[in-house]
Amino acid sequence: MLNTEKTRYALNIMGEMFPNAHGELVYGTPFQLLIAVILSAQATDVSVNKATPALFAEFPTADKLAAAPLDEIMAKIKTIGLYRTKAKNIKNCAAIIAKEYDGKVPNSRTILESLPGVGRKTANVVLAQAYGVPAIAVDTHVERVSKRLRICKLDATVGEVEKTLMRKLPKEEWIKDHHRMIFFGRYHCLARNPKCEICPLLDICQEGKERMKIGKKNQPVSH
């Protein structure tokens with residue numbers, strides 16, 4: 001397990017590798033961000049960004065999305081995985097925000113998590129990006145990187161990963177570090193083919209060292 005000092009070192013290196021790490025979903029308002037994050041569950045940001053321009057052009061606000069026919073919403077997002085369920089969720093979510101919160105996205109984690117299609121990860125992304133509230137959203141990249149580097153235990157739940165990162169990283173860096181880990185996981189420490197051979201964190205990465213050893217063993221012997 002990496003201690004606090006080495007964890008900070010790892011995140012600093014990620015920051016040097018990806019100095020412009022940021023949220024890649026395209027949106028214009030906190031409401032649009034919320035909808036985009038709901039749509040991004042089990043889907044790529046790229047696929048969401050291809051669908052949302054048309055969706056937001058026609059239904060840019062909570063009241064307009066709430067009033068939209070479900071089949072029209074589905075047609076706009078049908079290229080995104082689980083689009084039928086997501087269409088129902090974003091329509092219902094929009095209806096609640098329009099009716100109960102005057103069309104404005106609440107900056108309360110408890111309220112956000114009570115909305116259709118919104119879990120802790122989605123709530124954390126919205127709080128951090130829309131309102132600057134310190135939070136670490138644990139998506140597939142953050143979880144993978146945390147476990148490969150042994151920042152947290154391999155059998156840690158998503159909630160445990162979040163708590164460990166919150167404990168080991170300074171609160172004022174949570175938002176920035178979250179983006180750094182996502183970029184590191186998305187563009188370097190890939191799920192299937194991590195770039196261990198050129199990784200500046202190899203010397204402190206237990207899994208990376210093991211992968212490199214296995215790779216050497218499988219290399220053909222030259223004569």
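Note: the structure precedes this text.
Read on for a plain summary of the structure. (Residues numbered from 1 in each chain as written. Predicted model: local features only at pLDDT ≥ 70, side-chain atom pairs only at ≥ 80, totals over all residues. Heavy atoms only, no water.)

Let's talk about the layout of surface pockets
Then, number 1: Looking at the largest pocket, its volume works out to about 540 Å³.
Then, number 2: Listed by contribution, the elements that provide at least two residues to the lining of the largest pocket are helix H3 (45–58), helix H8 (120–131), helix H9 (140–148) and helix H11 (174–187).
Then, number 3: By residue number, the principal contributor to the lining of the largest pocket is H11, which donates six residues.
Then, number 4: Its residues assigned to classes, the lining of the largest pocket shows 10 nonpolar, 10 polar and five charged. (1 Å grid on protein atoms, 1.4 Å probe; cavity = no way out; pocket = protein on both sides within 12 Å on 5 of 7 lines; lining within 4 Å. Points joined across faces, edges and corners; volume = space filled by probe spheres on them. Helix = DSSP H or I, 4+ residues; strand = E, 2+ residues; numbered from the N terminus. Nonpolar A, V, L, I, M, F, W, Y, C, P; charged D, E, K, R; others polar.)

Some remarks on unusual backbone geometry
Then, number 1: If you check the backbone angles, Leu82 has positive phi at about 60° while not being a glycine.
Then, number 2: Relative to the assigned elements, Leu82 resides in the loop between helix H5 (70–77) and helix H6 (83–100).
Then, number 3: For Asp102, which is not glycine, the phi torsion reads 55° and is therefore positive.
Then, number 4: Topologically, Asp102 is positioned in the loop between H6 and helix H7 (109–113).

Considering the side chain of Lys86
Then, number 1: Looking at the element boundaries, Lys86 is found in helix H6.
Then, number 2: Asp45 is the oppositely charged side chain nearest to the buried, salt-bridge-free Lys86, at an N-O distance of 9.5 Å.
Then, number 3: Leave out the neighbours within four places in its chain, and Lys86 touches Ile38, Leu39, Ser40, Ala41, Ala43, Ile77, Ile80 and Gly81. (Buried < 20%, exposed > 50% of the residue type's maximum accessible area, 1.4 Å probe, protein only. Lys, Arg positive; Asp, Glu negative; His and termini not counted. Salt bridge = Lys/Arg side-chain N within 4 Å of Asp/Glu carboxyl O. Contact = heavy atoms within 4.5 Å.)

Section: helix H2 (residues 30–39)
Then, number 1: With respect to burial, H2 is a largely interior element, nine of its 10 residues being buried.
Then, number 2: When we look at burial in H2, the residues that qualify are Phe31, Gln32, Leu33, Leu34, Ile35, Ala36, Val37, Ile38 and Leu39.
Then, number 3: Where H2 is buried, its residues contact H3, helix H4 (62–67), H5, H6 and H8.

With respect to the pattern of salt bridges
Then, number 1: One pass over the structure, following the stated rule, counts 11 salt bridges.
Then, number 2: For Glu207, the salt bridge is made with Arg150, and the minimal N-O distance between the two is 3.4 Å. Taken together, the positions of Glu207 in helix H12 (residues 206–217) and Arg150 in the loop between H9 and helix H10 (158–168) put the pair 57 residues apart, joining distant regions of the chain. Taken individually, Glu207 and Arg150 each receive the classification buried, so the pair is uniform in this respect.
Then, number 3: The partner of Arg211 in a salt bridge is Glu207, with the nearest N and O atoms 3.4 Å apart. A residue pair is termed a helical-turn pair when its members lie 3 or 4 positions apart in one helix, as Arg211 and Glu207 do in helix H12 at four residues.
Then, number 4: By relative accessible area, Glu207 is classed as buried at 19%.
Then, number 5: Within this structure, Arg148, Arg150, Glu207 and Arg211 form a network of salt bridges that share partners.

Examining empty space enclosed by the protein
Then, number 1: Enumeration according to the criterion identifies one cavity of 30 Å³ or more in this entry.
Then, number 2: In this structure, the largest cavity occupies an estimated 120 Å³ of space.
Then, number 3: Listing elements by their share of the lining of the largest cavity, those giving two or more residues are H9 and H12.
Then, number 4: Counting residues per element, the lining of the largest cavity draws most heavily on H12, at three residues.
Then, number 5: A per-class count over the lining of the largest cavity returns nine nonpolar, two polar and four charged.

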